[in-house]
Amino acid sequence: MKIAGIDEAGKGPVIGPMCVGGVLLDEAKTNTLKNLGVADSKKISPKKRPQLAGQIEKYSDNIFVLEISASQIDELRKLMSMNDIMVIAFSKVLGQLHPEKAYVDAADVNEERFGKRLLEEYRKSYPEKATKLSIISKHRADATYPVVSAASIVAKVRRDALIEELKEDFGVDFGSGYPSDPKTKQFLADWYKEHGELPDFVRHSWKTAENVMKEEK
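These numbers come from a predicted model, not from an experiment. (Residues numbered from 1 in each chain as written. Predicted model: local features only at pLDDT ≥ 70, side-chain atom pairs only at ≥ 80, totals over all residues. Heavy atoms only, no water.)

### Quick word on helix H3 (residues 70–77)
Taken together, the buried positions of H3 are occupied by Ala 70, Ile 73 and Asp 74. Each buried residue of H3 lies within a common arc of 100° when the element is viewed along its axis, so the set occupies one face. Residues of H3 that are buried in the fold lie against strand S2 (18–26), strand S3 (62–68) and helix H4 (82–97). (Buried < 20%, exposed > 50% of the residue type's maximum accessible area, 1.4 Å probe, protein only. Helix = DSSP H or I, 4+ residues; strand = E, 2+ residues; numbered from the N terminus. Arc of directions from axis to C-beta. Contact = heavy atoms within 4.5 Å.)

### Examining helix H2 (residues 48–59)
In this model, H2 (twelve residues) spans 17 Å end to end at C-alpha, consistent with the 16 Å of a helix rising 1.5 Å per residue. Here H2 has its buried residues at Arg 49, Leu 52, Ala 53 and Ile 56. Seen from one end, H2 has its buried residues packed into an arc of 105°, which puts them on one side. The outward face of H2, more than 90 degrees from its buried face, is lined by the exposed residues Gln 51, Glu 57 and Lys 58. Where the residues of H2 are buried, they touch S2, helix H1 (30–36), S3 and helix H8 (146–170). (Expected span 1.5 Å × (residues − 1).)

### Concerning unusual backbone geometry
Backbone geometry at His 98 places phi at a positive 50°, although glycine is not the residue there. Relative to the helices and strands, His 98 is located in the loop between H4 and strand S4 (101–105). Residue class for His 98 comes out partly exposed when judged on its relative accessible area of 27%. In the Ramachandran plot, Arg 140 falls in the positive-phi region, its phi being about 55° despite a non-glycine side chain.

### Focus on the packing of aromatic side chains
For the structure shown, the criterion picks out ten aromatic pairs. Summarising the aromatic geometry, the rings of Tyr 103 and Tyr 145 are spaced 4.6 Å apart at their centres and angled 40° between planes, so their arrangement reads as tilted. With a gap of 42 residues between them, Tyr 103 in strand S4 and Tyr 145 in the loop between helix H7 (141–144) and H8 connect regions that are remote in the sequence. Residue classification places Tyr 103 among the buried positions, given a relative accessible area of 11%. Plain terms: the ring middles of Trp 191 and Phe 201 are 6.3 Å apart, the flat faces sit at 75° to each other, and that makes the pair edge-to-face. Here the residue Trp 191 occupies a position in helix H9 (residues 182–195), and Phe 201 occupies one in the loop between H9 and helix H10 (207–216), the gap between them amounting to ten residues. An identical accessibility class is assigned to Trp 191 and Phe 201; each is buried. The aromatic ring of Phe 174 is capped on one face by Lys 167, whose charged end is 5.2 Å from the ring centroid. (Phe/Tyr/Trp six-rings, centres within 6.5 Å; stacked < 30°, edge-to-face > 60°. Lys NZ or Arg CZ within 6 Å of the ring centre and 35° of its normal.)

### Comments concerning the sheet that holds S4
Sheet architecture is open: five strands sit in the order S3-S2-S1-S4-S5, paired in mixed fashion. The sheet is open, and its two borders are formed by S3 and strand S5 (134–138), each paired with just one other strand. For this sheet, the mean angle separating the axes of adjacent strands, direction not counted, is 15°. Inspection of the sheet shows S4 paired to S5 by five bridges, in the parallel sense. Residue pairing in the sheet places Ala 102 in a bridge with Ile 135 of S5. Sitting on the sheet, H4 touches strand S1 (2–9), S2, S3, S4 and S5, and the angle it makes with S2 is about 35°. Of the strands in this sheet, S4 and S5 are in contact with helix H5 (residues 111–125), which crosses S5 at around 145°. (Pairing = 2+ DSSP bridges. Axes fitted to C-alpha atoms, helices over the stretch in contact; angles between N-to-C directions.)

This is the structure in structure tokens:
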């Protein structure tokens, strides 16, 4: 049986894209993932994650990472909630993998509801395939199911690479990009002071960004 794991990296930061990773493989290879030492990407050192991602790729039938830029997130948030965005994004990843069973990290307080909504969204584009798909939607799935841990790692590796590219392209170090990071906050304040606006790679619809713009005005 072909199974898939889906997880996101970068749902919360004020800077940079969100990446949703999907990994498709034969259920029989789940133990191989365990033996590789896959775990929740946050528990694996940044140095080790790319090596693991390479190993995951070797044993997978397919890997897909969907990138949603900061400005795309801002546009979508005018029309829908972050949970709605997650349903659509996860469904797009499913549409690239077409597993028989999918394990997903629930992006809703109600994990069962997230799974149902995801299946409904997938059904809109793939009605026949949806009849043969079962979705297991759980909180902390990345800590429970190795295939979700694998998806979490490939998503995180891609997002980290995109963040490093941004830092190089703009010649700035804005820290982790998370609202709780003092370096990130300082960068936003300094940039806004100098340019009178925030760059495209910042999520303008985040409270952190809104506060910076308010304070400076």
